[in-house]
Amino acid sequence: MSRYIIRRLIGTIPTLFIVSLLIYAIMQAAPGGPEQKFDQNPKITPEQIAAFRHSWGLDQPIPVQYCRWVGLCNPDGQGLGVFISNNGLPNFLPSFLGGGTNGVLHGDLGYSSTSGSTVISLIAQRVLPTAILAGISLLVWILLALATGILAAVRQYGKADTAITVFNYVGFSFPTFWLGLMLILIFSQDLKILPASGMWNARTVPIFGSTEYWTFFGKNPGGALLDLGSHLILPVVTLVFVNIAGDSRFVRAAMIDSLNQDFVRTARAKGVPERTVIFRHALRNALLPVVTNVAIELPFLFAGAIATETIFSWPGMGLAYITAVRTYDYPVLMGILVITAIFVVIANLLADILYAVVDPRISYG
Amino acid sequence: MRNRLFSMVAASLIVFAACSPSATTSPSSSTPASASAPASSESAAPSVEAGISLTDTKYKPEAVGNKGGNLVIGISGDPSSIWENVYDTFANDCEAFCPAFWGLWNNTMDLKYYPQLTTEVPTVANGGVVPKGDGMDLTIKMIDGAQWSDGQPINCDDVIYMWHWQMDPAQANLGNVQGTTGYEDIGSIDGAGTTTCVVHFKKVYEPYLSLWSPLLPAHYLKTSKVADVTKNLYVDTKLTDGVYSGPYIPTAWAHDAQINYIPNTKFWSTIKKSDPPFDSVTMKFYADTDTEIAGFSKDEIDVGLEFNQNQVAAMSAIDPASVDKVLGPTYEQHSWNMASLTKKFGDAGAKALMQALHYAYDKDAINTTITGGAVTPSCNFVYPDAWFFDKDLGPCYAHDATKAASILAAAGFTKGSDGILTLNGNKAEFLGCARADRQYRLDTLKLVNSQLTPLGIKIDVKGVPAATVFAGWSQIAASAPCNTTHGNFDVVEFAWVATPDPGSNYVVYLSTKDPSQGDHSGQNYIRVNNPDLDAALTTVKTTVDLAKIQTAMATFQKLYVDPANAFPEIALYNWTTVMLKSPKMHNIENNGSSSVQTWNIEDWWRGQ
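This one's a predicted model, so the numbers in the text were calculated from it and none came from an experiment. (Residues numbered from 1 in each chain as written. Chains lettered and ligands numbered in written order. Predicted model: local features only at pLDDT ≥ 70, side-chain atom pairs only at ≥ 80, totals over all residues.)

1. Some points on the overall build of chain A
Condition: A helix here means a DSSP run of H or I that spans at least four residues, while a strand means a run of E at least two residues long, and both kinds are numbered starting from the N terminus. Residues with at least 20 neighbouring C-beta atoms inside 10 Å of their own are called buried, those with 12 or fewer are called exposed, and the rest are partly exposed, where every C-beta is derived from the backbone.
If you tally the helices and strands in chain A, you get 14 helices and 0 strands. Listing the helices and strands of chain A from first to last along the sequence gives α-α-α-α-α-α-α-α-α-α-α-α-α-α. With the C-alpha coordinates aligned to their principal axes, the bounding extent of chain A is approximately 80 × 60 × 45 Å. Scored against the burial criterion, the 365 residues of chain A give a buried share of 39%.

Given below as structure tokens:
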């Protein structure tokens, strides 16, 4: 197994390289760029725009821009010297070995072209809010998907199965942004019982993640959790309602397949209680594809739900991504997309590993 | 927005360029109070025109009746940085900036000027502006004893340093909104270390009141190289390290969530000389206007900003007393390409077509269908509160399709078998353009097409990216359809913003500012070429006589409004700027411009 993991990890390097290259190429091919924000400003001269592009390296050929972004090329280098750091060694080497300091290889994702903040600090601010929203949503919808999938499978073609199927398809059909807006209109604007957006009450609670917030949390953990919980309800409901369908149907199909196996028939023939047949025998085997499916959904914890975070002004990765798209903030976009790609690759590896863990018949040795 | 995904209809604001070099000198002598340029080489005594004032505002704030608490302001959209007002697209994007920085002067909600870090608005009438040969001297009287938030004095040192700072070549890399415009005309500034600065302009700079807006602290700017200023100064993760002049200092910024402010004690003690009405201010960001409206209903915010007519329908459940609507200076308009029309139909035919179009547009139907009746149809580009607005123009001309048809027939247009008019072998079929992400504009063009179809005029509507519509001459292919700079359109819809400076029309309507000519920096997208208009614009740009400016602007407005003049721009309607405000809030004056609604935040207070 360990050799398999190492082999897979090594294999992720070219995968990530190709993915990052494709993302960069697509982004460059798309119309617009960081200088787009000057389009509607009559005071900006073409010379100023050219100078802006030069200062951000946007006037360089795309391969050069990519090379600098990755960290293979030295921004100060010329000609073949671009591959050599200011210390005279290959730029891709770690800085403590005399390599460069720029680029992804050296942990530098650059600066936001709109705010000037480092991309890493911007991402760091957003990860926890997304993890909270996505993590809770993922947990809730998986549990509900298991429950509804099992019930639907056990009561196959019955009223419960039909009701759950209809519920799943209705939920699946709802556009996320529409559902979110409807929930806001009903529960915030009309009934006034839940917050309209955000992650905390701007009047009474400090900014989440700040020193003041943790002080507040320490003094009043119940209040802080209640505030956070009240802000989570609507976005979580939105995410669960829309996403539960796929996993629920998956569980149902896996359970039906499992319940039709010989070992289940044998268990029943032996007089094993039906509850034990379902949860200890059938479910255990049905979990195999479900677990791997869930593992593939883990990158969601980082990337977030773009539409939901946007509608609810949840200050997470999804909203950061859409803001970066809107403002042509290429460094931030690349940072988010590449880190997401890393998570996807790792999640797939994790899924494969879990596959072997859950099913002892599978071996990668 | 920013569109702005978080705003259903964000502005596609194009701010008038504020300046261009002054043209010929004016025959008049130095005269009255004006934000426009004194340009004459003569030095006769000023004469004040009765009834024309730049500072006589209707704004009269009531005294603060209650203090304390936290003010929460809702905004749809998150500014990208504190630098947005200096380094971003729009000339006066106030949002995060207005509470923290003051300029030397500012505009009220009725487009008058009032002093902020100064004791008076300098004009020719009060001796603050004095023509000197080809140039002029501007005297800035700053508030004695005013201090930055760190206790350093605000004085002419900051004015002088900021002049040099704006002129630094490294600014070019940062896309400074103001750029060197205006500052490049300054020869020297006297008064270092004092609060009375005399700015010696080498040549007349008419919109001088737009400079030093905001004023930035010299001692703080000096701590960073210009090229790195956005990375080192006023960084959003270290806001408390910054130096501010405005009533409230930002202390923390959670992007896409909120900005927190606390009172700037130095402002309140040395400039305003009173106590702050609030203990803290929070600017809370919403992803879109619907959510912001819901947040206001839930009492999450005291004031909701950046709404316009497109959100009025969504506010139906809110107490009307909380919905503040004013006519905005932004106006939606159709720009017709006169060069394209002339090429097709000749001078006479193009003129007749434009005359007919003015009568053919049913603006009331546009208002009803597109905006649900939430705006005010208009035919004038000048904001009614502007001092140079021609009150004698009378009501707008009425929609008259019959008259339009007769004009076209008299000009020789005939309908072909396809129902489309033809003249000189060319069909009256036109390319109509708008930003693809502004569906209401595409809908408006289609509606206008349906109004023109019975007359035999057809508009083929095309939506394109914003970058295509407004890309500069060298930024886009010469043949790119719907690009205004290259003139690859027949009619395009976007919004202009009427500014308090009448001279700002110069670069937009002067015949030599056709972007197809010269250095291609002009904004005369409609390719209008009218000698009377050129004369009026030149007068506005080169005289300080308010009466003459007013007369020249009246000439301009008549040319614009009267269909007989066939002006190739048709104003459709003024936007309605909407604010939501809690009934407990006082001194909130919706100023029409959605980007500066916090212009008087220092006067806001909340009752019990």
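So that's the structure; there's more coming.
2. Observations regarding the overall build of chain B
Per the secondary structure count, chain B includes 14 helices and 23 strands. When each of the 608 residues of chain B is scored for burial, the buried share is 59%.

3. Re the sheet that holds strand S17 (residues 426-427) of chain B
All names here are of chain B. What counts is decided by this rule: Strands qualify as paired when DSSP identifies two bridges or more between them.
With antiparallel pairing, the 3 strands of this open sheet are ordered in space as S15-S16-S17. Where the open sheet ends on each side, the last strands, each with one partner, are strand S15 (414-415) and S17. Across 2 bridges, the pairing between S15 and strand S16 (residues 421-423) is antiparallel. Each bridged residue has a counterpart across the sheet, and for threonine 414 the counterpart in S16 is threonine 422.

4. Remarks on the pairing of strand S9 (residues 248-254) of chain B
Residue and element names in this part refer to chain B. The element S9 is extensively covered by neighbouring structure, given that 6 of its 7 residues are classed as buried. Pairing geometry for S9 and strand S10 (residues 258-263), over 6 bridges, is antiparallel. Across the sheet, residue isoleucine 249 finds its bridge partner in S10, namely isoleucine 262. Counting the residues in the hairpin turn of S9 and S10 gives 3 residues, including aspartate 256, whose phi is positive at 65°.

5. Side note on the environment of threonine 468 of chain B
All names here are of chain B. Going by this rule: Any two residues are considered in contact once their C-beta atoms, placed from the backbone, lie within 7 Å.
Here threonine 468 shows up in helix H11 (residues 466-470). Here threonine 468 falls in the buried class, since 24 other C-beta atoms lie within 10 Å of it. As a C-alpha pair, threonine 468 and valine 199 span 269 residues in sequence and 40 Å in three-dimensional space. When neighbours within four sequence positions are excluded, threonine 468 is seen to be in contact with Ile476, Ala480, Cys482 and Asn483.

6. Points about the confidence of the model for chain A
To keep it simple, the criterion reads: Confidence scores here are pLDDT values: one per residue, from the predictor, ranging 0 to 100.
Looking at chain A as a whole, the pLDDT averages 85, with 94% of positions reaching at least 70. When pLDDT is averaged over each element of chain A, helix H7 (residues 211-219) of chain A comes out on top at 94 and helix H11 (residues 300-303) of chain A at the bottom at 69.

7. Topic: the sheet that holds strand S7 (residues 186-190) of chain B
All names here are of chain B. Under the convention used in this document: Interaxial angles span 0 to 180 degrees and are taken between N-to-C directions of axes, which are lines fitted to C-alpha atoms, for helices over the stretch in contact.
Overall, antiparallel pairing links the 4 strands, which are arranged S5-S6-S8-S7 in an open sheet. The sheet is open, and its two borders are formed by strand S5 (129-132) and S7, each paired with just one other strand. Strand-to-strand twist in this sheet, taken as the mean axis angle between neighbours without regard to direction, amounts to 20°. Where S5 and strand S6 (residues 135-141) come together, 4 bridges link them in antiparallel fashion. Residue pairing across strands places proline 131 opposite methionine 136, the latter belonging to S6.

8. Points about the packing of helix H5 (residues 159-173) of chain A against helix H8 (residues 221-259) of chain A
Residue and element names in this part refer to chain A. Rule in force here: Just so you know how the angles are binned, under 35 degrees is roughly parallel, over 145 roughly antiparallel, 65 to 115 roughly perpendicular, and the rest oblique. Handedness of a crossing follows from how the near helix is turned relative to the far one, being left-handed for an anticlockwise turn of less than a right angle and right-handed for a clockwise one. Gly falls in the polar group here, along with every residue not listed as nonpolar (Ala, Val, Leu, Ile, Met, Phe, Trp, Tyr, Cys, Pro) or charged (Asp, Glu, Lys, Arg).
Direction vectors running N to C along H5 and H8 enclose 130°, while the axes themselves pass 7 Å from each other. With respect to H8, the element H5 is oriented oblique. H8 is crossed by H5, and the crossing has left-handed handedness. Between H5 and H8, the contacting residues are Ile164, Asn168, Tyr169, Gly171 and Phe172 on the first element and Phe241, Val242, Ile244, Ala245, Ser248 and Arg249 on the second. Here the contact of H5 with H8 is composed, by residue class, of 7 nonpolar, 3 polar and 1 charged.

9. Observations regarding the nonpolar core
The condition that has to hold: Buried Ala, Val, Leu, Ile, Met, Phe, Trp, Tyr and Cys residues whose C-beta atoms connect them within 7 Å together make up a nonpolar core.
Within the largest apolar cluster, 237 residues are counted, with the highest numbers of intra-cluster contacts made by Met255 and Ile336 of chain A together with Ile73, Val159, Leu353 and Ala356 of chain B. In terms of residue count, the dominant contributor to this core is H8 of chain A (13 residues). If we skip the residues at most four places from it in the chain, isoleucine 73 of chain B touches Val281, Met283, Lys284, Ile301, Asp302, Val303, Leu305 and Thr598 of chain B.

10. Some thoughts on the packing of helix H6 (residues 176-190) of chain A against helix H6 (residues 289-297) of chain B
Running from N to C, H6 of chain A and H6 of chain B point in directions that differ by 15°, and their axes come no closer than 9 Å. Viewed along their axes, H6 of chain A and H6 of chain B adopt a mutual orientation that is roughly parallel. For the pair H6 of chain A and H6 of chain B, the crossing hand works out as left-handed. Between H6 of chain A and H6 of chain B, the contacting residues are Leu181, Ile184, Leu185, Ser188 and Gln189 of chain A on the first element and Asp290, Thr291, Ile293, Ala294 and Ser297 of chain B on the second.

11. Considerations on the environment of tryptophan 473 of chain B
All names here are of chain B. Inspection of the secondary structure puts tryptophan 473 in the loop between H11 and strand S20 (491-497). With 156 residues separating them along the chain, tryptophan 473 and alanine 317 place their C-alpha atoms 47 Å apart. Contact partners of tryptophan 473, with chain neighbours within four places excluded, come to Thr485, His486, Pro515 and His520.

12. Concerning the environment of glutamate 95 of chain B
All names here are of chain B. Here glutamate 95 shows up in the loop between helix H1 (84-87) and strand S3 (105-107). When the C-alpha positions of glutamate 95 and glutamine 355 are compared, they lie 41 Å apart, and in sequence the two are 260 residues distant. Dropping the residues within four chain positions of it, glutamate 95 is found in contact with Ile75 and Pro79.

13. Notes on unusual backbone geometry
Residue and element names in this part refer to chain B. The peptide bond linking serine 213 to proline 214 adopts the cis configuration, its omega dihedral lying at 5°. Within the secondary structure, proline 214 sits in the loop between strand S8 (196-201) and helix H3 (218-221). Unlike most non-glycine residues, aspartate 299 shows phi in positive territory, near 65°. Positionally, aspartate 299 belongs in the loop between H6 and strand S12 (303-308). Since 11 C-beta atoms lie within 10 Å of it, aspartate 299 is described here as exposed. One non-glycine residue, alanine 566, adopts positive backbone phi at about 55°.

14. With respect to helix H10 (residues 439-452) of chain B
Residue and element names in this part refer to chain B. Quick reminder of the rule: Here the expected length of a helix is defined as 1.5 Å per residue gap, with one fewer gap than residues. This arc corresponds to the set of directions leading from the helix axis out to the C-beta atoms.
Taking 1.5 Å per residue as the helical rise, H10 with its 14 residues ought to reach 20 Å, and the 20 Å between its terminal C-alpha atoms agrees with that figure. Taken residue by residue, H10 has Arg441, Thr444, Leu445, Val448, Gln451 and Leu452 as its buried positions. The arc that holds the buried residues of H10, viewed along the axis, is 115°, so those residues lie on one side. Buried residues along H10 sit against helix H7 (338-360), helix H8 (363-371), strand S18 (429-435), strand S19 (458-464) and S20.

15. What about the pairing of S18 of chain B?
Residue and element names in this part refer to chain B. Rule in force here: Crossover handedness is defined here as right-handed if the route from the first strand over the helix to the second strand goes clockwise, with the strands pointing away from the viewer.
Across the 7 residues that make up S18, a large majority, 5, are buried. Bridging between S18 and S19 involves 7 bridges; their strand directions are parallel. Paired with leucine 431 across the bridge in S19 is aspartate 460. Note on the crossover from S18 through H10 to S19: the handedness is right-handed. Alignment of S18 against S20, held across 2 bridges, turns out to be parallel. Within S20, the position partnered with glycine 432 by the bridge is valine 491.

16. A few points about the confidence of the model for chain B
Residue and element names in this part refer to chain B. This prediction gives chain B a mean pLDDT of 86; 88% of its residues lie at or above 70. Per-element mean pLDDT across chain B ranges from 36 in strand S1 (residues 13-15) up to 98 in helix H5 (residues 265-270). Below pLDDT 50 for its whole length, residues 1-50 participates in 183 contacts with residues either more than four positions away or in separate chains. Two summary scores accompany this predicted model of the complex, namely pTM at 0.82 and ipTM at 0.80.

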